[in-house]
Amino acid sequence: MRAVVQRVTRAQVAVAHQVVGRIGEGLCVLVGVTHHDDRATAAKLASKLWTLRIMADGHGVMNRSIAETTRELLIISQFTLYGDTRKGRRPSFAAAARPEHAEPLVEAVVAELRSLGARVETGRFGADMAVELVNDGPVTLLLEV
């Protein structure tokens, strides 16, 4: 699994001009799934997101996790994270998992985070989504698990 993680002051995702997920301060996470990913990979990603120390402490230092702070995450599936642009001008998405494989794994990440105590909002799998966010810092990381 691959994830783009952004620390945000607020974020939301809309489908057909209707907001389907919204958070305040927390993490906005774009999640991509590839063919060899499984439920163990999803659990590992959720754990990493929960404990990643990128939230500011009382001194403004990235020293706290989402578990210790706001507990808010916006999780959005994004198959284009596995786009390969090394050849030609059109990305190849051959490394992206098919929807029937990817959707349950994105849902597993969400379920695992919720079981840990997170407040998780989501996009809508497979939909044309409009994502709005205010990146805090800016802090943006690419995770691979």
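Residues numbered from 1 in each chain as written. Predicted model: local features only at pLDDT ≥ 70, side-chain atom pairs only at ≥ 80, totals over all residues. Heavy atoms only, no water.

Caption draft 1: The packing of helix H1 (residues 39-51) against helix H2 (residues 99-116), seen in detail. Taken N-terminus to C-terminus, the directions of H1 and H2 make an angle of 45 degrees; their axes are 8 Å apart at the nearest point. In terms of orientation, H1 and H2 fall into the oblique class. Note on packing geometry: the crossing formed by H1 with H2 is right-handed. Seen from H1, the contacting residues are Arg-39, Ala-42, Ala-43, Leu-45, Ala-46, Leu-49 and Trp-50; seen from H2, they are Pro-104, Leu-105, Ala-108, Val-109, Glu-112, Leu-113 and Leu-116. Of the residues contributing to the contact of H1 with H2, the split by class is twelve nonpolar, no polar and two charged. (Axes fitted to C-alpha atoms, helices over the stretch in contact; angles between N-to-C directions. Helix = DSSP H or I, 4+ residues; strand = E, 2+ residues; numbered from the N terminus. Parallel < 35°, antiparallel > 145°, perpendicular 65-115°, else oblique. Left-handed = near helix turned anticlockwise from the far one by under 90°. Contact = heavy atoms within 4.5 Å. Nonpolar A, V, L, I, M, F, W, Y, C, P; charged D, E, K, R; others polar.)

Caption draft 2: Spotlight on the layout of surface pockets. In this model, the largest pocket occupies a volume close to 370 Å³. Together, 21 residues line the largest pocket, and Ser-77, Gln-78, Phe-79, Thr-80 and Gly-126 are the ones closest to its centre. Broken down by secondary-structure element, the contributors of at least two residues to the lining of the largest pocket are strand E3 (26-32), strand E6 (72-77), H2 and strand E8 (129-144). The residue makeup of the lining of the largest pocket, split by class, is 15 nonpolar, five polar and one charged. (1 Å grid on protein atoms, 1.4 Å probe; cavity = no way out; pocket = protein on both sides within 12 Å on 5 of 7 lines; lining within 4 Å. Points joined across faces, edges and corners; volume = space filled by probe spheres on them.)

Caption draft 3: Expanded view of the environment of Ile-75. Within the element layout of this structure, Ile-75 appears in strand E6. Sequence separation of Ile-75 and Val-13 is 62 residues, and the distance between their C-alpha atoms is 9.5 Å. In this structure Ile-75 touches Val-29, Val-31, Leu-49, Val-106, Val-110, Leu-113, Val-120, Glu-121, Thr-122 and Gly-123, once residues within four positions along its chain are discounted.

Caption draft 4: Representation of H1 in the model. Compared with the 18 Å implied by 1.5 Å per residue over 13 residues, the 18 Å span of H1 between its first and last C-alpha is a close match. Listed as buried for H1 are Thr-41, Ala-42, Leu-45, Ala-46, Leu-49 and Trp-50. On its buried face, H1 is in contact with strand E1 (2-15), E3, E6, H2 and E8. (Expected span 1.5 Å × (residues − 1). Buried < 20%, exposed > 50% of the residue type's maximum accessible area, 1.4 Å probe, protein only.)

Caption draft 5: Examining the pairing of E1 more closely. Most of E1 sits inside the fold, with eleven of its 14 residues counted as buried. Across twelve bridges, E1 lies against E8 in antiparallel orientation. Bridge pairing in E8 places Ala-3 opposite Leu-143. Summarising the sheet, E1 and strand E2 (residues 18-23) pair through five bridges and their orientation is antiparallel. Bridging from a neighbouring strand, Gln-12 pairs with Arg-22 of E2. (Pairing = 2+ DSSP bridges.)

Caption draft 6: Quick look at H2. Look at H2: 26 Å from first C-alpha to last across 18 residues, which is about the 26 Å you get at 1.5 Å a residue. Here H2 has its buried residues at Ala-102, Leu-105, Val-106, Ala-108, Val-109, Val-110 and Leu-113. Buried residues along H2 sit in contact with E3, H1, E6 and strand E7 (119-122).

These results come straight from atomic positions and should not be treated as a statement about function.
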